[in-house]
Structure formats: structure tokens, C-alpha cells
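Descriptive structure summary
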Amino acid sequence: MNQFEWPDNQPATFICQRKWQETPNCVSVTLVAENQDLETTFDFIPGQFITLGIEVEGKTEYRAYSLSSMPNKNALQLTIKRVDGGKVSNYIVDSLQEGQTVSVLKPAGEFHIEQPHGERIVLLSAGCGITPVMSMAKTLLADKSDATDIHFIHAATELEQVIYHQELLEMEASHERFHFDVMLENAQGSEYLEGRLTQAALKQFCPDIAERSAFLCGPIGFMNAMQENLSELGMNMDNFYQESFTPAESEQPDVEIAEQADKAQAISNATVFVPAFGAQAEAKIGSALIDALEAAKVPVIAACRSGICGSCKCRVVKGEFTRTSTATLTEDEIDNGFVLACSCQVESDVEVALN
């Protein structure tokens, strides 16, 4: 087998190999590398995501999507759900064609199955949050040397919206150490429980849930509720992990409001200069560096705009800035002025290096 070699911080060209309807409002796709041979496989840690770039209305838009496939296979699988106002997601559901090329950044993310966990785990998901935990479950079950007991609990609006439903039922039938439960808001036409995943429901599904390690992914409100429920049920939250595409809290010292006001009064605009490209753009004090770099038309990738995927990493050579995320940066990179442009705020004229 040949392991695919990902370019560092640059997109690779992939092809949509297959596309099929998973539920009435979501599709699954498999992606293969352009010019890949039959022996090529893709390495990642189950639970991680890729950043996908697709041309929509004449502009390449980047979004992060969790992988639902297993590592070391010949294709990457994603499942994408239609969302209100979702420019990229809805384009994929409606218009992406088999054979179409897309851009893909290498797998990333700290939410994955290699986080320390015990011999019993619970996988909790809602909606398309099922994708990373599905990858975890399939990978653990495929490893004949692994003995992890897995309880998979999924929440959905109704039966036809349960992603991978038949596959999960088959997994439960084939593996004694895999247990699958569903909670539906509308359970009509099924034998599943109806309602929301309360503490009582979690305990009913999985009586020993407090003694397990938990991996959680879903809409923000769902994740907040599950975290609170598990904590109140007595789970050791050191054994709790959740996916999040929201910014990390700032690690920069707080700037006094009065100081910011004085600075803004003295200068409301700054210049962002990128010498390697002979490019520059004006930026308002306190605005995101990524906006100025895009205005300067330099080749920077703005994928998640939350400091999670790391695709917009660059170095501020001169000038002042603040930041709200250092999630994918090493200590050495932070010390040497590297920033994530999407979560870096310009506080003066700055000079930037992209590499």
C-alpha cells in the first residue's frame, strides 16, 4: 500500500468518486486523490476532519467536515447535511457531481479516538455530528485486538433522518461489544423512545454511563446539554471529549478598554503589507488579519474562520496584534510570531510572511 503524502498547509486536488443520498436532507461522498493509483491509502486519526475547498459562484470556499470513513482505506468519506443558509453544504447536497474536482487540506483536529479513554466508552451524537464518532466506532470494531465496549447513542428528529441507520443496526448485530440506541423527537413509525436526551434517558440507555469515557459531537446546544447532563450524572470530565469548531479562548493578555479606545482614536486604520507578493491592504484597527490578506489577493486559505483547522497560519514579522486562538500552533511557532489569520486582530501597521 502507498500512503498518500499530504502537502504541508496547502490543498491537494481530489475527485468526487461517488455521491449518494444518505437521508432525505443529507448526502455522502467519497473522495480520491487526483491521479491516485489503486494502492493509495489515507492516514488520519478517527474523529479528525478535513478542510474541503469547492468553487461556488466563482469563488473557492473552504469548510471543515469530519471524516466518517476508516483510516488506511482507498477513499475518504464525508456526509454533509443541508443547513439553512449553508452556502457550501447546500451546494454539495444539490450540485456536486461525481468526477468533479475539489481541494482538500490534510486531516486535522484534536477530537479523536487516540485521546486517553477507558475500556468502556459512550459515543454521543446528533444530526451530522454522527460522522466523526462513526469513524471511531468502525475503526475500533475492525481491530480484532481491541476489546473496547462501545455504547453509541444518537439523537435525531425522526426515523428517516437517522444517518447510517441500517449500517449501525448491522454493526450491533455483528459485535457483542457494540450497543446502539436512538432517541427521536418524533418516534412515529418506530420502536425508539420519543423525546430529548435527558439525564434520565441517558441513564436508561446506558446505566453505567458515568463510569465511561465520552466522545460527543453535534449542534452546539446539544453538546452543551449533554456535557451538563454527564457532569451531573457523575462522569469524571477528564474522560469527556467533544468536537468544537468554535474559537479557543484568547491566551493573550487582556487590553484595557481605555487603552484600546485611545489607540483607536489615534489611528483607526492600519496597513497590512506582504512583501513576498508586493501586496498590501488597508485594515481597521481590531479587524481580522484574514480579511486584509484576502483584500490584498494573496494566496491565503480561510477555511474555518475559528482558529481550529490551521489553514491560514502565517507570521507577523512586524507590528502589533491580538489573537483569540492558538489552537493549532506550537509553542515555538507562537514565540516566533506565527498566528492564525482568521483569529488574529490587527492593532497597528503589520508586515506578514505567508511561509
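Throughout, a residue's number is its position along its own chain's written sequence, starting from 1. The predicted nature of this model means local features are confined to residues of pLDDT at least 70 and side-chain atom pairs, given and counted, to a pLDDT of 80 or more, with totals for whole chains, interfaces and linings taken over all residues. With hydrogens and water excluded, all non-hydrogen atoms of the structure serve as input to the side-chain values.

1. A closer look at the environment of N74
Runs of E in the DSSP output that reach at least two residues are strands. Runs of H or I that reach at least four are helices, and both are numbered from the N terminus. Inspection of the secondary structure puts N74 in the loop between strand 6 (59-66) and strand 7 (76-81). Spatially, the C-alpha atom of N74 lies 13 Å from that of R18, the residues being 56 residues apart in sequence. Ignoring any residue separated from it by four or fewer positions in sequence, one finds N74 in contact with V32, Q36, L38, E39, T40, T41 and F42. Polar contacts, as used here, are pairs of N or O atoms within 3.5 Å; protein pairs need one atom able to donate a hydrogen and one able to accept it. Residues neighboring in sequence count only if both atoms are side-chain atoms. In terms of polar contacts, N74 uses its side chain to reach the backbone carbonyl oxygen of L38, at 3.1 Å. Should any heavy atoms of two residues lie within 4.5 Å, those residues are counted as being in contact.

2. Details of the nonpolar core
The biggest cluster of nonpolar side chains holds 31 residues, and the ones touching the most others in it are V272, L289, I290, L293, V298, C314 and V352. Mapped by element, the contributors of at least two residues to this core are strand 15 (269-274), strand 16 (279-284), helix 7 (289-295), strand 17 (313-318), strand 19 (338-340), strand 20 (344-346) and strand 21 (350-353). Looking at this core, the element that brings in the most residues is helix 7, giving four residues. Judged by nonpolar contacts, the second largest core, of 29 residues, contains F111, V182, C217 and Y241. The nonpolar core is taken to be a set of buried Ala, Val, Leu, Ile, Met, Phe, Trp, Tyr and Cys residues, with the residues joined through side-chain atoms within 4.5 Å. For the exposure calls, accessible area comes from a 1.4 Å probe over protein chains only, and a residue counts as buried if that area is under 20% of its type's maximum, exposed if over 50%, partly exposed in between.

3. A few points about the pattern of salt bridges
Any Lys or Arg side-chain nitrogen found within 4 Å of a carboxyl oxygen on Asp or Glu counts as a salt bridge. Evaluation of the coordinates by the stated rule reveals twelve salt bridges. A salt bridge links R120 to D208; the shortest N-O distance between them is 2.7 Å. Of this pair, R120 sits in strand 9 (residues 120-126) while D208 sits in the loop between helix 4 (199-205) and strand 13 (213-217), and the two are 88 residues apart along the sequence. We classify R120 as partly exposed; its relative accessible area is 34%. Its relative accessible area of 19% is what places D208 among the buried residues. D149 is the partner of R212 in a salt bridge, and the nearest nitrogen-oxygen pair spans 2.7 Å. Residue R212 is located in the loop between helix 4 and strand 13, and its partner D149 is located in strand 10 (residues 149-158); the two are separated by 63 residues in the primary sequence. The class of D149 is buried, set by a relative accessible area of 18%. Connected through salt bridges with shared partners, the residues E57, E61, R63 and K87 form a single ionic network.

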